Amino acid sequence: MLINDLKAHTAEVMQGVESALKRVLTRGWYVLGPEIERFERNFAAYLGVPACTSVANGTDALELALRATGVATGDVVATVANAGMYATTAVLAVGATPRFMDVALETAVVTLEEVGQAIESGAKAVVVTHLYGLAVPDIERIGSLCREARVVLVEDCAQAHGAMVGDKRVGSFGDIGCFSFYPTKNLGALGDGGAVVADDTSFTEKVRRLRQYGWVSKYTVSLAGAPSAGGPEYVAHLFVVRTAHRDSLRTHLGTCDIGSDVHYPVPDHRQPVFGDRFADVTLPNTERLANEVLTLPCYPEMSAEDVDRVVEAMNAWRP
Ligand SMILES: Cc1ncc(COP(=O)(O)O)c(C=O)c1O
């Protein structure tokens, strides 16, 4: 059994996909255009935000969000180190320096306290990641804290489309929200895709220019710098368990023909690319999670028998 099955997703929606493809091919408009505009309107309405801007992928969404909110070379941006390097990559791409925050062991997401410390230490912006499908429980208070401190709050919602805290969906708490539609995401495209959502029209306008060569209108660039190349709070993007005996569990699941994966094995501050640059950074929970998390199969088309098989295999395992 795989941890996700994209062929099963497609089979469920094949008819709709075929008619949409036919519509697009008949029209012959493949980049942006009316289909995308309709999606942007619908997705913004679903999230309860005024505007959505589609971009090439979730990593571009993060980078353009940072650029649009004024993060630039030399700034410090706080982010987590247990979410696959995407936000860190975007921070480095705009010439800023990442400052890593630790996460709560129970939820694997950042806390109000960690964000508070990052702000006190001088972060110009904070990127919070709603990980594995879980909305950051403190997100409302993190939003207020960032507003009071005039620190930019970017939400990375790539793994949590639709997750809610109270009556609001992720992406609507910060200054700017970023989504990925990579095929394995809860809302996945047939290829790459991403989006940025924002309340502030000036952020939306900037992202719209940046996503297309800096144009304010066709072939006209007026930017100062050219753009460089469970409950409602959990939407089960990934089903992640923790164990101090991960290798043993993976081997056992493998013998039961059940797939598993690790999201993510190397925390950002320990990535080889950084050498000793973050040698003095210690994030005990992040480091422990990197050694203990294990992702089990989880996707909407899993049959009840598939689920039972995973549960039985888990119950039969002895470390
Ligand atoms: C938390 C998170 N942020 C950002 C991304 C980047 O998205 P993309 O692969 O569309 O660039 C991903 C997914 O791959 C992700 O899981």
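Before reading on, note that the structure itself is shown above.
Computed from a prediction, not measured in an experiment: that's the story for all the values here. Here the residue numbering is sequential within each chain, running from 1 through the sequence in written order. Local features are withheld for residues below a pLDDT of 70 in this predicted model, meaning they are given only at 70 or higher, and side-chain atom pairs are given and counted only at 80 or more; totals for whole chains, interfaces and linings count all residues. The basis for the side-chain values is all heavy atoms of the structure; hydrogens and waters are excluded.

A.B. asks: When you look at the overall build of the chain in this model, what are you seeing that I'm missing?
C.D. replies: Put simply, DSSP H or I for four residues or longer makes a helix, DSSP E for two residues or longer makes a strand, and each gets a number counted from the N terminus. When its secondary structure is counted, the chain shows 10 helices and 13 strands. Note on method: radius of gyration uses C-alpha positions; expected globular size equals 2.2 Å times residues raised to 0.38. Relative to the 2.2 N^0.38 estimate, which gives 20 Å for 319 residues, the radius of gyration of the chain is 20 Å and therefore close to what a compact globule would have. Looking at the 319 residues of the chain, the share that counts as buried comes to 47%. For the chain, the exposed surface amounts to about 15600 Å²; the carbon and sulfur share of it is 53%. Separation of charge centres in the chain, based on 28 positive and 39 negative side chains, amounts to 6 Å. Only protein chains enter the accessibility calculation, which uses a 1.4 Å probe; a residue whose area is less than 20% of its type maximum is buried, one above 50% is exposed, and one in between is partly exposed. Note on areas: Shrake-Rupley, 1.4 Å probe, and residue coverage restricted to the protein chains presented here. Charged residues are defined here as Lys and Arg on the positive side and Asp and Glu on the negative side; His and the ends of the chain fall outside this count. By convention, charge coordinates are those of NZ in Lys, CZ in Arg, CG in Asp, or CD in Glu.

A.B. asks: Is there a simple way to explain the sheet that holds strand 3 (residues 97–101) in this structure?
C.D. replies: Strand pairing in a sheet is mediated by backbone hydrogen bonds. Such pairs are either parallel or antiparallel. One open sheet accounts for seven strands, arranged 1-9-8-5-4-2-3; its pairing is mixed. The open sheet has two free edges, formed respectively by strand 1 (51–55) and strand 3, since each of these has just one partner strand. The mean inter-strand angle of the sheet, taken between neighbouring strand axes irrespective of direction, is 20°. Along the sheet, helix 4 (residues 86–93) contacts strand 2 (76–80), strand 3 and strand 4 (125–129); its crossing angle with strand 3, the most-contacted strand, is approximately 150°. Note on contacts: a residue pair qualifies if any of its non-hydrogen atoms lie within 4.5 Å across the two residues. Inter-axis angles, ranging from 0 to 180 degrees, are taken between N-to-C directions of lines fitted to C-alpha atoms, where helices are fitted over the stretch in contact. Contacts from helix 7 (residues 201–210) reach strand 1, strand 8 (176–180) and strand 9 (194–198), with the element oriented near 20° to strand 1. By the convention used here, strands pair only if DSSP detects at least 2 bridges between them.

A.B. asks: Quick question: what am I supposed to make of the site of the ligand here?
C.D. replies: Near the ligand, the surroundings consist of 14 residues, among which Gly 58, Thr 59, Asp 156, Ser 180 and Lys 185 are the closest. Throughout this description, a polar contact denotes any pair of N or O atoms lying within 3.5 Å of each other; where both atoms belong to protein, one of them has to be capable of donating a hydrogen while the other can accept it, and for residues adjacent in sequence the pair is counted only when both atoms sit in side chains. Between the ligand and the protein, one listed contact pairs an oxygen atom with a side-chain N or O atom of Gln 159 at 2.8 Å. If the ligand stood free it would expose 380 Å²; the protein chains cover 94% of that surface. In this structure the site holding the ligand corresponds to the second largest pocket. One heavy atom within 4 Å of a molecule or strand makes the whole residue count as near it. Cavity and pocket criteria rest on a 1 Å grid covering protein atoms alone: a 1.4 Å probe that fits but cannot get out defines a cavity, protein on both sides within 12 Å along at least 5 of 7 lines defines an open pocket, and an atom within 4 Å of a point defines a lining residue. A molecule is said to be in a cavity or pocket once over half of its atoms fall within 2 Å of that pocket's grid points.

A.B. asks: Hey, could you run me through the side chain of His 252 in this one?
C.D. replies: Residue position: His 252 is located in helix 8 (residues 246–255). By relative accessible area, which is 18% here, His 252 ends up buried. In contact with His 252, not counting residues within four places along its chain, are Ala 313, Ala 316 and Trp 317.

A.B. asks: Before we go on, may I ask you to explain the pattern of salt bridges in this structure?
C.D. replies: Side chains bearing opposite charge may pair, as long as their charged atoms lie close to each other. What counts as a salt bridge is simple: a side-chain nitrogen of Lys or Arg found within 4 Å of a carboxyl oxygen of Asp or Glu. What the rule picks out here adds up to 11 salt bridges. Taking the shortest distance from any N to any O, the salt bridge between Glu 35 and Arg 38 comes out at 3.8 Å. In this pair, Glu 35 and Arg 38 both sit in helix 2 (residues 33–47), three residues apart, roughly one turn of the helix. Of the residues examined, Arg 38 reaches a relative accessible area of 41% and is grouped as partly exposed. Glu 40 is the partner of Arg 211 in a salt bridge, and the nearest nitrogen-oxygen pair spans 3.0 Å. Of this pair, Arg 211 sits in the loop between helix 7 and strand 10 (215–217) while Glu 40 sits in helix 2, placing them 171 residues apart in sequence. Taking the relative accessible area as the measure of exposure, Glu 40 reaches 5% and is therefore buried. Through salt bridges with shared partners, one network takes in Arg 23, Arg 27, Glu 35 and Arg 38.

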